[in-house]
Amino acid sequence: MQVTKTFKRIIFLELAIPVALLIIGIYHGLMQTIYRAGVLHEAGFAKLNYYQGLTLHGVINAIVLTTFFAVAFGHATMTFYLKKEPNKRLMWLGFWLMVIGTVMAAWAMLAGKASVLYTFYPPLKAHPAFYLGTALLIVGSWVPLFDWARMYNQWKRENPEVKTPLAVIGTLINFIIWFVCTLAVAYEVLVLLVPWSLGWTDTVNVNLARTLFWFFGHALVYFWLLPAYIMFYTILPKVAGGKLYSDLAGRIALFLFLLFSIPVGVHHQYSDPTIAQGVKFFQGMLTYGVTIPSFITAFTLAASLEYAGKLRGSKGLFGWMKKLPYFDETRYLFAYFICGLILFIFGGVTGIINASYSLNSVVHNTAWMPGHFHMTVAGPVFLAIIGMSLYLYSTMSGKKVFMRKLATIIPYMWVIGMLIFSFGMSWGGLRGEPRRTNLGLTYLNPKNDLFRPDWVPTTTLALLGGIIMFIAAMLFIVIFFGTILRKKTEEGGLDIPVSEAYHDEKRVPLFDKFKPWLITMIIVILIAYIPALINVNKNSGPGAPRFTIDNPTPQESVNK
Ligand code: HAS
């Protein structure tokens, strides 16, 4: 499909800016494993503090890369399937808001004024530029939703009886979840944190801030995941050489995410004393609910891949696994998708363990947790993002992928590194190794009284995995920018592989409209969150003054 130059330019910028920033994000990931394995016994390295690096790592990789990509991929998907381009002014507006927000937050982090990690929990205080920057990044990513809704309504009027393409349903669902969940974090930032950070209010209600953050924070993980799921349902079966087993299964899964993605945030707060057990129990049950669409996805994709393997002549129950195009460089996207899915089997299992109220008390705030989330956000999400960024850039620019064989091998390197890293982290977590801690200063320093020799193997494994992942990611960055620097060999266009459905069930109106789902979504959120907010309002103690990462006394006392 031919698209305008402006459309291409905006998409290229939205893909290339976060990939360039990944150099900083990935470097700080490697540094984490180095500090934690006790290779360094310092509070910082190269004039950057440990927590400053951890904040850069989380914010760049988990917030900036994912948000820019979701917007770029959303534009590409909506345009490709609805055959209409979005309004260019709104595209630019969204883009510039996101860029300005990123620059503000990046300045605050690099200047050492926002070492508050990607969760920015108070009472750790950041510079207002950090909060306002992240708010602008979010507001910029809202803009496309309103234009896509217009495009969708127009398309619907022109095609009233046609089933809405699955990728369009997925994109709209994802950005509706995003819009609703970010309202809470916008309130947290603008009403609680910015005035407190500026000194206009003396204290902040930490529990309320955390509850608002997690209203946003767990839905955020599905905002990361859904673009990958859209690719798995609509592109993967095609590049595997088969068909999507069931189109309806994909729709059901996506609408279930609309219901369950938000009202589960309290499972991050099982240890918060302000929230009552009943609320935790209810949101814990809903957390099991949110695994259902992923189970539907696992079985539907496995059936689609089995079909692809059978078409290639596979025999027996699991013979299809041997017949998939793992190293076919003409279908390099397959490698990125399958590696992500393999990691997600482990990411999903560990997530279900976290969801259990009792097991959570064993693993909460231990190294187990980064073990879990690297096999989700740095698994299917990261691999789908980088694979698709390369694919979109190469096809739209008309430039051939630089070192395509290597591009096909990178995801396998990533999987090997990630499995070693996450095994080390999960094992360490079960032995009590804390997360978000510069272990090299104490527990992994043999000269320190607190030295823990039993954490040496676990952190060494994480370091080994970290090194392999670092090499894989750097090779990807070389390939991505190598492709940008290549000469154009053909007229590029927007061309996304489209999977045909094996069971293309007839249109079920319930799974082709948003209203009933939106109403149910709001009801479930209100039931889950009104009691949680009442608890927080009633049970929170006095507000907290401002703290910075380098001092255990409030900032006011330091300044006196
Ligand atoms: Fe999680 C904490 C529970 C999914 C990310 N999670 C986190 C944090 C992050 C994160 C970043 O209940 C840390 C936040 C922080 O900084 O404190 N998580 C879950 C559950 C799921 C889940 C139940 N998480 C994700 C996803 C993430 C993500 C997705 C990012 C994208 N998580 C928790 C809980 C906590 C938590 C608690 C808080 C813990 C605490 O105490 O702090 C579920 O959605 C998982 C369902 C997944 C599945 C797997 C389906 C498998 C598929 C692959 C199939 C493979 C095929 C290939 C077909 C059921 C689809 C076959 C072919 C071959 C050849 C083999």
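Enquirer: Hey, could you go over the coordination of the iron atom of the ligand for me, with residue numbers and the actual values?
Expert: Counting protein donors around the iron atom of the ligand gives one, His372 (NE2), at 2.2 Å. Position of His372 among the secondary structure elements: in helix 12 (residues 368-374).

Enquirer: Give me the lowdown on the pattern of salt bridges, citing residues and values where you can.
Expert: Counted according to the given criterion, the structure contains 19 salt bridges. Between Asp147 and Arg150 there is a salt bridge, and its shortest N-O distance comes to 2.8 Å. Here Asp147 and its partner Arg150 are both found in helix 4 (residues 128-158), 3 residues apart, which amounts to about one turn of the helix. Linking Asp512 and Arg507 is a salt bridge whose minimum nitrogen-to-oxygen distance equals 2.7 Å.

Enquirer: How would you explain unusual backbone geometry if you had to name every residue and give the values?
Expert: Residue Pro123 is reached from Pro122 by a cis peptide bond, and omega for that bond is 15°. For Pro123, the location among the structural elements is in the loop between helix 3 (88-110) and helix 4. You will see that Lys47, though not glycine, has its phi angle at about 65°, which is positive. For Lys47, a relative accessible area of 86% gives the class exposed. The residue Asn365 is not glycine, and still its phi comes out positive at about 60°. Inspection of the secondary structure assignment puts Asn365 in the loop between helix 11 (357-363) and helix 12. By relative accessible area, which is 35% here, Asn365 ends up partly exposed.

Enquirer: Let's hear about the packing of aromatic side chains: which residues, and what values?
Expert: In this description, an aromatic ring pair is defined by two values, namely the gap between the centres and the angle between the planes. Throughout the structure, instances matching the rule amount to 44 aromatic pairs. With 4.9 Å between their ring centres and 90° between their planes, Phe213 and Trp214 make a pair best called edge-to-face. Look at Phe213 and you get buried, because its relative accessible area is 1%. Here the aromatic residues Phe120, Tyr121, Phe130, Tyr131, Trp148, Phe175, Trp178, Phe213, Trp214, Phe216 and Phe223 are joined through ring pairs into a cluster of three or more. For the cation-ring pair, Lys83 lies above Phe80, with the distance from its terminal atom to the ring centre recorded as 4.3 Å.

Rules used in this analysis
- Residues numbered from 1 in each chain as written.
- Predicted model: local features only at pLDDT ≥ 70, side-chain atom pairs only at ≥ 80, totals over all residues.
- Heavy atoms only, no water.
- Donors = N, O, S within 2.8 Å, 3.2 Å for Na, K, Ca; no water.
- Helix = DSSP H or I, 4+ residues; strand = E, 2+ residues; numbered from the N terminus.
- Salt bridge = Lys/Arg side-chain N within 4 Å of Asp/Glu carboxyl O.
- Buried < 20%, exposed > 50% of the residue type's maximum accessible area, 1.4 Å probe, protein only.
- Phe/Tyr/Trp six-rings, centres within 6.5 Å; stacked < 30°, edge-to-face > 60°.
- Lys NZ or Arg CZ within 6 Å of the ring centre and 35° of its normal.

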